Amino acid sequence: MTDHAPQRPSFHIVGANPSMDRTLFVRDLAMGEVNRAERAEPMAGGKGIIVARAMHRLGSTSAVYGFVGGVTGRYIRDECRRLRLTDRHTEVGGDTRINAIIVDSRTGDATVVNEPGPEITRAEAEDFFQTLMPRVARDDIVAVSGSLPRGLDAAFAARLVRDARERGARVVVDTSGRALQEAAAATPWAIKCNLEEFRSLEPDAPLVVRDDADRRRLVSQMHGVRRQGVDIVVVTLGAGGALAVSAAGAVWVRPPRIEVVNATGSGDTFLAGVLHALGHGQSLPGAVTLAVAASARNAQLPLPDLGPAPDLGSLMAGTASVMLDGRSAS
Ligand SMILES: O=P(O)(O)OC[C@@]1(O)O[C@H](CO)[C@@H](O)[C@@H]1O
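Residues numbered from 1 in each chain as written. Predicted model: local features only at pLDDT ≥ 70, side-chain atom pairs only at ≥ 80, totals over all residues. Heavy atoms only, no water.

Per an unreviewed UniProt entry, the chain goes by 1-phosphofructokinase family hexose kinase and derives from Microbacterium commune. A UniProt comment under Sequence similarities (unreviewed entry) is attached to the chain, and it reads "Belongs to the carbohydrate kinase PfkB family." (UniProt positions renumbered as here; feature names shortened; annotations may be inferred.)

K.L.:
Help me out: how do you make sense of the site of the ligand in this one?
P.N.:
Close to the ligand lie 15 residues, the nearest being Asp21, Lys47, Asn99, Asn114 and Asp268. Separating an oxygen atom of the ligand from a side-chain N or O atom of serine 147 is a distance of 2.9 Å. Contact between the ligand and aspartate 268: an oxygen atom at 2.6 Å from a side-chain N or O atom of the residue. Protein chains shield 89% of the accessible area of the ligand, which is 400 Å² for the free molecule. Every element with two or more residues in the shell around the ligand is listed here: strand S2 (19–26), helix H1 (47–58) and strand S8 (97–104). Here the residues of the shell around the ligand sort into two nonpolar, nine polar and four charged. (Near = heavy atom within 4 Å. Polar contact = N/O pair within 3.5 Å; in protein donor to acceptor, adjacent residues only side chain to side chain. Areas by Shrake-Rupley, 256 points an atom, 1.4 Å probe, with all protein chains shown as cover. Helix = DSSP H or I, 4+ residues; strand = E, 2+ residues; numbered from the N terminus. Nonpolar A, V, L, I, M, F, W, Y, C, P; charged D, E, K, R; others polar.)

K.L.:
Where do I start with the UniProt feature "domain: Carbohydrate kinase PfkB" (unreviewed entry) in the chain in this structure?
P.N.:
In this numbering, the UniProt entry assigns the feature "domain: Carbohydrate kinase PfkB" (unreviewed entry) to residues 20–299. Between the end C-alpha atoms of residues 20–299 there is a gap of 19 Å, over a span that is 39% helix and 24% strand.

K.L.:
Please clarify how the packing of H1 against helix H8 (residues 266–279) should be interpreted in this entry.
P.N.:
Helix-helix packing: each pair is described by the crossing angle between the helix axes and the interaxial distance. Look at H1 against H8: their axes get within 8 Å of each other, and the N-to-C directions meet at 50°. Relative to H8, the element H1 lies oblique. Considering the relative orientation of H1 and H8, their crossing is right-handed. Mapping the contact onto sequence places Lys47, Ile50, Val51, Ala54, Met55 and Leu58 in H1 and Asp268, Thr269, Leu271, Ala272, Gly273, Leu275 and His276 in H8. Class assignment for the residues of the contact of H1 with H8 results in eight nonpolar, three polar and two charged. (Axes fitted to C-alpha atoms, helices over the stretch in contact; angles between N-to-C directions. Parallel < 35°, antiparallel > 145°, perpendicular 65-115°, else oblique. Left-handed = near helix turned anticlockwise from the far one by under 90°. Contact = heavy atoms within 4.5 Å.)

K.L.:
Explain the sheet that holds strand S3 (residues 39–45) here, please?
P.N.:
Strand order in the open sheet formed by four strands is S3-S2-S8-S9, and the pairing between neighbours is mixed. In this open sheet, the two edge strands, each paired with only one partner strand, are S3 and strand S9 (110–113). Across this sheet, the average inter-strand angle for adjacent strands is 20°, counted without regard to direction. Both S2 and S3 contribute to a ladder of seven bridges, which runs antiparallel. In the strand pairing of S3, arginine 22 is matched with proline 42. Running over the sheet, H1 touches S2 and S3 and is turned about 85° from S3. (Pairing = 2+ DSSP bridges.)

K.L.:
Help me understand helix H9 (residues 284–300) in this model?
P.N.:
A turn of α-helix holds 3.6 residues, and therefore any two residues three or four places apart point the same way. When the terminal C-alpha atoms of H9 are compared, their 24 Å separation across 17 residues agrees well with the 24 Å that a helix rising 1.5 Å per residue should span. Most of H9 sits inside the fold, with 13 of its 17 residues counted as buried. For H9, the N-terminal cap is serine 283; the gap from its side-chain oxygen to the backbone nitrogen of glycine 286 is 3.1 Å. (Expected span 1.5 Å × (residues − 1). Buried < 20%, exposed > 50% of the residue type's maximum accessible area, 1.4 Å probe, protein only.)

K.L.:
Help me understand the sheet that holds strand S1 (residues 11–14) in this model?
P.N.:
Whether parallel or antiparallel, the strands of a sheet pair through hydrogen bonds between backbone atoms. An order of S6-S4-S1-S10-S11-S12-S13-S14-S15-S16 is seen for the 10 strands of this open sheet, with the pairing classed as mixed. Two strands lie at the open edges of the sheet, namely strand S6 (86–87) and strand S16 (320–323), each paired on one side alone. Relative to strand S14 (residues 242–246), strand S13 (residues 232–236) is paired through four bridges, and the arrangement is antiparallel. Each bridged residue has a counterpart across the sheet, and for threonine 236 the counterpart in S14 is alanine 242. Here helix H4 (residues 154–166) sits on the sheet in contact with S1, strand S10 (141–145) and strand S11 (170–174), set at roughly 160° to S11.

Rendered as structure tokens:
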């Protein structure tokens with residue numbers, strides 16, 4: 001490499017609260033009844049791990065950070081090794097959680113029960129910052145994904161954004177509730193959330209986005225958040241695709257038609273697509289198109305993954321992107 005060759009940024013994926021996801025496939029799930037699973041699959045999960053695994057499938061290597069402990073924590077570390085993710089987790093006294101995902105194998109509907117996660121002490125939180133921050137360099141991408149385990153509050157998310165920004169990194173936040181509010185106030189480079197999560201930033205946002213008028217209203221609210229100091233705001237709308245705004249304008253990407261097997265992790269896979277594409281210098285509309293296709297691919301599979309060497313060409317061809325100032329982007 002010459003001195004002038006462009007350097008790829010390093011990706012640091014923070015999933016503070018990883019989990020062993022246990023996915024149970026049940027036909028015609030009946031609440032309040034005894035159900036029998038057709039099969040059960042364990043998988044390393046938590047939003048950060050799903051993001052990093054999907055990025056790896058797309059060709060971007062990343063390091064994963066968060067808190068792990070106990071036998072389930074060991075499982076996460078073993079899986080990181082197997083998946084070739086750089087494991088920079090902080091070891092803690094509590095146990096990594098186990099989350100239950102019950103997929104109705106007839107409808108594809110997923111019912112998810114998330115544990116709160118281990119209690120993190122102040123010293124463990126400090127260890128985490130000491131592990132992450134010295135490794136963050138200018139222009140690196142730091143993604144903050146998923147819930148916080150017990151003992152950490154929204155101030156943790158805000159400090160994460162501030163400290164990584166001070167090191168010149170581009171910080172991307174995908175979390176919810178108070179943590180999202182405080183992280184957004186610390187003005188990250190980008191926010192990616194779903195509609196429900198966006199409503200914690202903009203309570204007047206529509207509950208559902210049905211038509212052009214709803215999309216335009218939402219876009220103007222997203223620009224409002226952007227004007228508070230965030231460069232890029234992306235809101236995913238499930239079957240309605242995704243909207244993204246930056247100073248250059250707004251784009252809406254409609255998803256391809258697919259049969260959903262299990263959409264768990266599709267939002268995380270979407271984020272992986274955005275990070276991979278923006279990290280490789282693609283435009284925001286191009287990145288969102290890849291992300292919508294990747295998220296659709298994830299939903300076609302029984303477990304959150306893209307599978308080795310995913311070919312997203314036909315799914316990308318099934319998307320349509322529209323610049324909301326009326327020009328067609330593809
Ligand atoms: O409690 P969080 O961190 O918000 O969500 C955790 C979780 O439900 O999200 C992933 C799917 O998006 C699963 O791997 C995981 O169990």
